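Coordinate inspection notes
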Amino acid sequence: MAEADWDTVTYLRKKAPTASQAKSKQAINAAQRRGEEVDTSKKFNAASNKQHSSAKDTAKLDRETEELHHERVTLDVGRWIMKGRQAKEMTQKDLATKINEKPQVIQDYESGKAIPNNQVLGKIERVIGLKLRGREKGQPLQPKKKK
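Numbering of residues begins from 1 in every chain and follows the order in which that chain's sequence is written. The predicted origin of the model limits local features to residues at a pLDDT of at least 70 and limits the giving and counting of side-chain atom pairs to 80 or more, whereas totals for whole chains, interfaces and linings rest on all residues. Calculation of side-chain values draws on the structure's entire complement of heavy atoms; hydrogens and water are dropped beforehand.

Points about unusual backbone geometry
- Its identity is not glycine, yet Glu89 carries a phi of approximately 55 degrees, on the positive side.
- One non-glycine residue, Asn100, lies in positive phi territory at about 60 degrees.
- Every helix listed is a DSSP run of H or I at least four residues long, and every strand listed is a run of E at least two residues long, numbered separately from the N terminus. Among the secondary structure elements, Asn100 is positioned in the loop between helix 5 (92–98) and helix 6 (103–111).

Written out as structure tokens, the structure is:
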């Protein structure tokens, strides 16, 4: 029974320090005192949220001559929305509430700053009763015939 001595404890290996422990100032100082080689380097853009650097594409963008942008709602559509809304004596907020959008959306459509969305335009058409898309812009919206 000499092999089963309960008083002695044997550690087979020491647990390696975790990454956060190895990077701490205390761990670095201890390693320097022991004479170990310590490599410290500062990473470029380490704390930024950028995935890729823009330097690669800069030359490509400089060579680009075509003007790329999204189409906006025309001013005549904005005027038709405004006229239809005022004919029904509604504010921008009232119209936005009826179509479940924010008032800023109505303001952008009326000022011509919005990127056209057919779902939003369809909702506005139904509420104000005017066509805003196609050849018959500004014409009264015909109710759908029931079959």
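Considering the pattern of salt bridges
- Salt bridges are defined by distance alone: a side-chain nitrogen of Lys or Arg within 4 Å of a carboxyl oxygen of Asp or Glu. A complete count under the given rule lists five salt bridges for this structure.
- When the shortest N-O distance is used, the salt bridge between Glu110 and Arg85 registers 2.6 Å. Placement of Glu110 in helix 6 and of Arg85 in helix 4 (residues 75–87) is noted, with a sequence separation of 25 residues between them. Arg85 matches Glu110 in its accessibility class, with the two residues each being buried.
- Of the charged contacts in the structure, one is a salt bridge between Lys123 and Glu101, with a shortest N-O distance of 3.5 Å. Residue Lys123 is found in helix 7 (residues 118–128), and its partner Glu101 is found in the loop between helix 5 and helix 6; the two are separated by 22 residues along the sequence. Residue exposure (1.4 Å probe, protein chains only): buried if accessible area is under 20% of the type maximum, exposed if over 50%, otherwise partly exposed.

What to know about the nonpolar core
- Residues belong to one nonpolar core when they are buried, are Ala, Val, Leu, Ile, Met, Phe, Trp, Tyr or Cys, and are joined through side-chain atoms within 4.5 Å. The biggest cluster of nonpolar side chains holds 17 residues, and the ones touching the most others in it are Ile81, Leu95, Ile99, Tyr109, Ile124 and Leu132.
- Those elements that place two or more of their residues in this core are helix 4, helix 5, helix 6 and helix 7.
- In terms of residue count, the dominant contributor to this core is helix 7 (five residues).
- Setting aside anything within four residues of it in sequence, one finds Leu132 in contact with Val77, Trp80, Ile81, Leu121, Ile124, Glu125 and Lys137. Whether two residues are in contact is decided by their heavy atoms, any of which lying within 4.5 Å being enough.

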